[in-house]
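The primary structure of each chain is shown beneath.
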Amino acid sequence: EDKVELSTGVVAQVLSYSPSAQKAPQSGFLAQLMSNLEGAKPTKPRPPLVFIHGSFHAGWCWTEKYFPYFASLGYPVVALSLRGTGGTFAGENVKKVKITEHAADIQA
């Protein structure tokens, strides 16, 4: 777990996972979806995949299944916990975060 300060002033939780030598799972929806990539090892590094969570979640929601799977295919993966979720502080006495604030954090 890392923290990064955004230009909006929010210090966001960032979770990441690096590619590994593990082989990707051979069954399930993701395996079928990505089967065309299975045997092809890239000659250059693959671009990072950035996962953005929905309401009432945080970056943790991607770490159990998606991070290991895509990292096993050679992709570095990153998930940002938006303002007021996971390990990212919403602000003093803030009870609700507006979607426009989440959008600003993503843009930052």
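For the structure itself, look to the data block above.
Everything quoted here is computed from the prediction, not taken from an experiment. (Residues numbered from 1 in each chain as written. Predicted model: local features only at pLDDT ≥ 70, side-chain atom pairs only at ≥ 80, totals over all residues. Heavy atoms only, no water.)

Can you help me understand the nonpolar core in this one?
Generally speaking, soluble globular proteins have nonpolar side chains that are buried together. Ranked by size, the top nonpolar core spans ten residues in total: L15, F51, W62, F67, Y69, F70, L73, Y75, V77 and A79. Elements represented by at least two residues in this core include exactly helix 2 (66–72) and strand 4 (77–81). By residue number, the principal contributor to this core is helix 2, which donates three residues. Among the nonpolar cores identified, the runner-up in size contains six residues, and V10, A12, V14 and L82 belong to it. (Core = buried A, V, L, I, M, F, W, Y, C linked by side-chain atoms within 4.5 Å. Buried < 20%, exposed > 50% of the residue type's maximum accessible area, 1.4 Å probe, protein only. Helix = DSSP H or I, 4+ residues; strand = E, 2+ residues; numbered from the N terminus.)

Can you walk me through the packing of aromatic side chains in this structure?
Any two aromatic rings considered together are summarised by their centre-to-centre distance and by the angle between their planes. Within the structure shown, the criterion is met by eight aromatic pairs. Plain terms: the ring middles of Y17 and F67 are 6.4 Å apart, the flat faces sit at 55 degrees to each other, and that makes the pair tilted. Of this pair, Y17 sits in strand 2 (residues 11–17) while F67 is found in helix 2, placing the two residues 50 residues apart along the sequence. When the centroid spacing of 6.5 Å and the interplanar angle of 75 degrees are considered together, the rings of F70 and Y75 count as edge-to-face. Note on accessibility: F70 and Y75 belong to one class, buried. Linked through ring pairs, Y17, F51, W62, Y66, F67, Y69, F70 and Y75 together constitute an aromatic cluster. (Phe/Tyr/Trp six-rings, centres within 6.5 Å; stacked < 30°, edge-to-face > 60°.)

I'm lost on a nonpolar patch on the surface in this one. Help?
Together, V50, I52 and I106 make up a nonpolar patch on the protein surface, roughly 250 Å² of accessible area in all. A relative accessible area of 32% means that I52 is categorised as partly exposed. (Patch = residues over 30% accessible without salt bridge, like charges linked within 9 Å, V, L, I, M, F, W, Y side chains within 5 Å. Areas by Shrake-Rupley, 256 points an atom, 1.4 Å probe, with all protein chains shown as cover. Salt bridge = Lys/Arg side-chain N within 4 Å of Asp/Glu carboxyl O.)

Looking at this structure, how should I read the pairing of strand 1 (residues 2–5)?
Where a strand is regular, its side chains alternate between the two sheet faces. As judged from the four bridges shared by strand 1 and strand 2, these two strands associate in the antiparallel manner. Residue V4 lies in a different strand from strand 2, and its bridge partner there is A12. Counting the residues in the hairpin turn of strand 1 and strand 2 gives five residues, including G9, whose phi is positive at 95 degrees. (Pairing = 2+ DSSP bridges.)

Would you mind going over the sheet that holds strand 4 with me for this structure?
Hydrogen bonds between backbone atoms are what pair the strands of a sheet, whose relative direction is either parallel or antiparallel. Across the sheet, four strands lie side by side as 1-2-4-3; this open sheet has mixed pairing. What marks the edges here is a single partner per strand, and that holds for strand 1 and strand 3 (49–52). Strand after strand, the sheet turns through a mean of 30 degrees between neighbouring axes, direction not considered. Two elements, strand 3 and strand 4, share four bridges in a ladder whose sense is parallel. (Axes fitted to C-alpha atoms, helices over the stretch in contact; angles between N-to-C directions.)

Would you mind going over the environment of T63 with me for this structure?
Within the secondary structure, T63 is located in the loop between strand 3 and helix 2. Within polar-contact distance, the side chain of T63 engages the backbone oxygen of W60 at 2.8 Å. (Polar contact = N/O pair within 3.5 Å; in protein donor to acceptor, adjacent residues only side chain to side chain.)

I would appreciate a short explanation of unusual backbone geometry in the present structure.
A positive phi angle, near 60 degrees, is found at F56, a position not held by glycine. When you line up the elements, F56 lands in the loop between strand 3 and helix 2. According to the relative accessible area criterion, F56 is exposed, its value standing at 82%. Phi at N93 takes a positive value of approximately 60 degrees, unusual for a residue other than glycine. Topologically, N93 is positioned in the loop between strand 4 and helix 3 (99–107).

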